[in-house]
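# Residue-level structure breakdown
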Amino acid sequence: MRRIYRLCLLGLLASSTLVHADVASRLMERYVQALQQKDGAALATLLAADARIKVTLLMGREPPMVISLTRAEYLQQQRALWNFANDYAVTVSDRSVLEKGEGAAVTFEQKERYQLLQGTLNRNSQMTLRTESRDGKSAITEIQARIKQW
């Protein structure tokens with residue numbers, strides 16, 4: 001009987017993991033769609049009110065620059081980029097999802113290209129979105145980005 005109970009418990013844990021991973025994947029897809037459509041309102045709905053954003057800028061031979069942003073600062077930066085850049089395009093690849101407690105972490109490569117001040121800029125970012133379920137609603141609670149720009 002104990003063996004059957006353990007198998008049932010393992011089955012429930014595995015299905016819970018799949019749910020967290022599936023929800024995180026959908027949040028990531030909505031995140032990318034909001035970026036592609038330059039939709040600040042949609043992006044804002046995906047981020048928890050206390051979301052933490054950590055950006056590490058890799059700039060050639062200079063030491064990495066680490067910047068921490070609040071949700072509001074991050075949204076402001078995105079809106080500024082969309083308002084001043086032309087031909088903004090973003091794509092993602094190499095996605096993986098890892099279940100973490102009551103949420104999950106989605107890692108992926110994000111590539112951006114845009115025109116700014118008469119020059120074309122490219123960014124490659126290694127991204128991690130951490131998600132968490134709070135009060136029955138899943139949200140992005142943390143964004144970590146390692147960005148190379150040229």
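All values derive from a computational prediction rather than experimental measurement.

## Considerations on unusual backbone geometry
In this structure, K38 takes a positive phi of about 50 degrees despite not being glycine. Within the fold, K38 resides in the loop between helix 1 (2-36) and helix 2 (40-46). Under the relative-accessibility criterion, K38 is labelled partly exposed at 35%. Unusually for a residue other than glycine, D87 sits at a positive phi of about 50 degrees. Here D87 is to be found in strand 3 (residues 86-100). You can call D87 exposed: its relative accessible area is 61%.

## Focus: the layout of surface pockets
Counted as a void, the largest pocket has a volume near 520 Å³. Lining the largest pocket are 28 residues, and of these V55, Q77, Q78, R123 and I147 sit closest to its centre. Broken down by secondary-structure element, the contributors of at least two residues to the lining of the largest pocket are helix 1, strand 1 (47-58), strand 2 (65-69), helix 3 (71-84), strand 4 (103-116), strand 5 (119-134) and strand 6 (137-149). If you tally residues by element for the lining of the largest pocket, the top one is helix 3, at 6 residues. By residue class, the composition of the lining of the largest pocket is 21 nonpolar, 5 polar and 2 charged.

## Observations regarding the confidence of the model for the chain
On average, the chain scores 85 in pLDDT, and the residues at 70 or more come to 87%. Across residues 5-18 the pLDDT falls below 50, and counting only partners more than four positions away or on other chains, this stretch makes 1 contact in the model.

## Description of the side chain of N122
Tracing the backbone through its elements, the reader meets N122 in strand 5. Taking relative accessible area as the criterion, N122 reaches 17% and is therefore assigned buried. For N122, the side chain forms a polar contact with the side chain of R113, separated by 3.4 Å. Non-local contacts of N122, meaning those with residues more than four positions away in its chain, are made with E112, R113, K148, Q149 and W150.

## Some thoughts on the pattern of salt bridges
Charged atoms that come close allow side chains of opposite charge to pair. One pass over the full model with this rule turns up 8 salt bridges. A salt bridge links E112 to R123; the shortest N-O distance between them is 3.1 Å. On the criterion of sequence distance, the pair formed by E112 in strand 4 and R123 in strand 5 is long-range, its members being 11 residues apart. The pair E112 / R123 is uniform in exposure class, with both members buried. Counted as one network, the salt bridges with shared partners bring together D50, E132 and R134.

## Brief notes about the pairing of strand 5
Sheet topology places strand 4 next to strand 5; 14 bridges connect them, and they run antiparallel. Each bridged residue has a counterpart across the sheet, and for A105 the counterpart in strand 5 is R130. Here strand 4 folds back onto strand 5 in antiparallel fashion, the turn holding 2 residues, of which L117 has a positive phi close to 50 degrees. Here strand 5 pairs with strand 6 via 12 bridges, running antiparallel. Within the sheet, the bridge partner assigned to S125 lies in strand 6 and is I147. Here strand 5 folds back onto strand 6 in antiparallel fashion, the turn holding 2 residues, of which D135 has a positive phi close to 50 degrees.

Scoring rules and cut-offs
- Residues numbered from 1 in each chain as written.
- Predicted model: local features only at pLDDT ≥ 70, side-chain atom pairs only at ≥ 80, totals over all residues.
- Heavy atoms only, no water.
- Helix = DSSP H or I, 4+ residues; strand = E, 2+ residues; numbered from the N terminus.
- Buried < 20%, exposed > 50% of the residue type's maximum accessible area, 1.4 Å probe, protein only.
- 1 Å grid on protein atoms, 1.4 Å probe; cavity = no way out; pocket = protein on both sides within 12 Å on 5 of 7 lines; lining within 4 Å.
- Points joined across faces, edges and corners; volume = space filled by probe spheres on them.
- Nonpolar A, V, L, I, M, F, W, Y, C, P; charged D, E, K, R; others polar.
- pLDDT = per-residue confidence, 0-100.
- Contact = heavy atoms within 4.5 Å.
- Polar contact = N/O pair within 3.5 Å; in protein donor to acceptor, adjacent residues only side chain to side chain.
- Salt bridge = Lys/Arg side-chain N within 4 Å of Asp/Glu carboxyl O.
- Pairing = 2+ DSSP bridges.

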